Amino acid sequence: MQRRIHDAAMRLFAERGGKEVNIKELAEEAGVARGTIYAHVKSIDRLFAEVAGALTVEMNQRVVHSFSSVDDPVARLAFGIRSYLRRAHEEPLWGRFVLTFALRAPVFFEEIWQGRPAHDVLAGLERGLYRFEKEQLNSVMMMIGGSVIGAMALVLDGHETWRNAGFDAAEFILRALGVPENDAKAYAVAELPALLSVS
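Since we're looking at a predicted model, the values are computed, not measured.

Novice: Any details on the overall build of the protein? Residues and values, ideally.
Specialist: What the protein contains, in helices and strands, is eleven helices and zero strands. The order of helices and strands in the protein, counted from the N terminus, is α-α-α-α-α-α-α-α-α-α-α. Along the first, second and third principal axes, the C-alpha atoms of the protein reach 55 × 35 × 30 Å. Counting the 199 residues in the protein, one finds 48% classified as buried. For the protein, the accessible surface area stands at approximately 10000 Å², while carbon and sulfur atoms represent 51% of it.

So, in structure tokens, the structure goes:
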């Protein structure tokens, strides 16, 4: 039931661009009685945060699971960036919700700062693959997250294909981190493995 309500909430929040959603509309979208919503939802704001958190964790788990056999942290970063854009293209409501919540819910950037993406960037720095100061990690992660969100907007608004936006975002981010231009291009266009589900 919780998953059903979360899916309905994601669709409504995505379609409305973060505008208010009420219990009646949520119940209709989920196909359940209002009483069921009241039993499972403390508040709409809290529901928004719960859905945002669940989607962020789920996507990062899928990225980690999909590329766990890839030893190169630069390749994992490039694959992760492009996977967000491919999913936004394949699941536009998911993408719209991410665009809405990334700026409103701190969990998106917290997951990037404290989760696997940050560990991978630090691993690349420690191996000498990137050039920035360790104290700049939060700014680096904010740049990566902001670039991905901006590229998703280009895809969802029809200005770029997910492939082109993914190539460009991955290349520019890697170059900004100090990866030589030719290497950054090669990482950006490498064959993208499937994004696996996690159970």
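From this point, the discussion proceeds with the structure in view.
Novice: Explain the nonpolar core to me, and be specific about the residues and the numbers.
Specialist: Counting residues in each nonpolar core, the largest one holds 68 residues, and the members touching the most others are L26, F97, Y130 and M152. The dominant element in this core, judged by the number of residues it contributes, is helix α9 (residues 137-156), at ten residues.

Novice: So what about helix α4 (residues 44-66)? Which residues, and what values?
Specialist: The end-to-end C-alpha distance of α4, which contains 23 residues, comes to 33 Å, matching closely the 33 Å that a straight helix rising 1.5 Å per residue would cover. A side-chain oxygen of the first residue of α4 lies 3.0 Å from the backbone nitrogen of R46; this N-cap is S43.

Novice: Talk me through the layout of surface pockets; I want residue IDs and the actual numbers.
Specialist: If you add up the space inside the largest pocket, you get close to 380 Å³. Residue lining of the largest pocket: 17 residues in total, with R3, D7, L55, E58 and R87 positioned closest to the centre. Put simply, the parts of the chain that give the lining of the largest pocket at least two residues each are α1 (2-16), α4 and α6 (92-104). Taken together, the residues of the lining of the largest pocket break down into eight nonpolar, three polar and six charged.

Novice: How would you explain the side chain of R82 if you had to name every residue and give the values?
Specialist: Its place among the elements puts R82 in helix α5 (residues 73-90). The buried charged residue R82 lacks any salt bridge partner; its closest oppositely charged side chain belongs to E191, at an N-O distance of 8.9 Å. In contact with R82, not counting residues within four places along its chain, are W162, G166, F167, A170, Y187, A188, V189, A190 and L192.

What counts as what
- Residues numbered from 1 in each chain as written.
- Predicted model: local features only at pLDDT ≥ 70, side-chain atom pairs only at ≥ 80, totals over all residues.
- Heavy atoms only, no water.
- Helix = DSSP H or I, 4+ residues; strand = E, 2+ residues; numbered from the N terminus.
- Buried < 20%, exposed > 50% of the residue type's maximum accessible area, 1.4 Å probe, protein only.
- Areas by Shrake-Rupley, 256 points an atom, 1.4 Å probe, with all protein chains shown as cover.
- Core = buried A, V, L, I, M, F, W, Y, C linked by side-chain atoms within 4.5 Å.
- Expected span 1.5 Å × (residues − 1).
- Polar contact = N/O pair within 3.5 Å; in protein donor to acceptor, adjacent residues only side chain to side chain.
- 1 Å grid on protein atoms, 1.4 Å probe; cavity = no way out; pocket = protein on both sides within 12 Å on 5 of 7 lines; lining within 4 Å.
- Points joined across faces, edges and corners; volume = space filled by probe spheres on them.
- Nonpolar A, V, L, I, M, F, W, Y, C, P; charged D, E, K, R; others polar.
- Lys, Arg positive; Asp, Glu negative; His and termini not counted.
- Salt bridge = Lys/Arg side-chain N within 4 Å of Asp/Glu carboxyl O.
- Contact = heavy atoms within 4.5 Å.

Any functional reading would require information that these geometric values do not contain.
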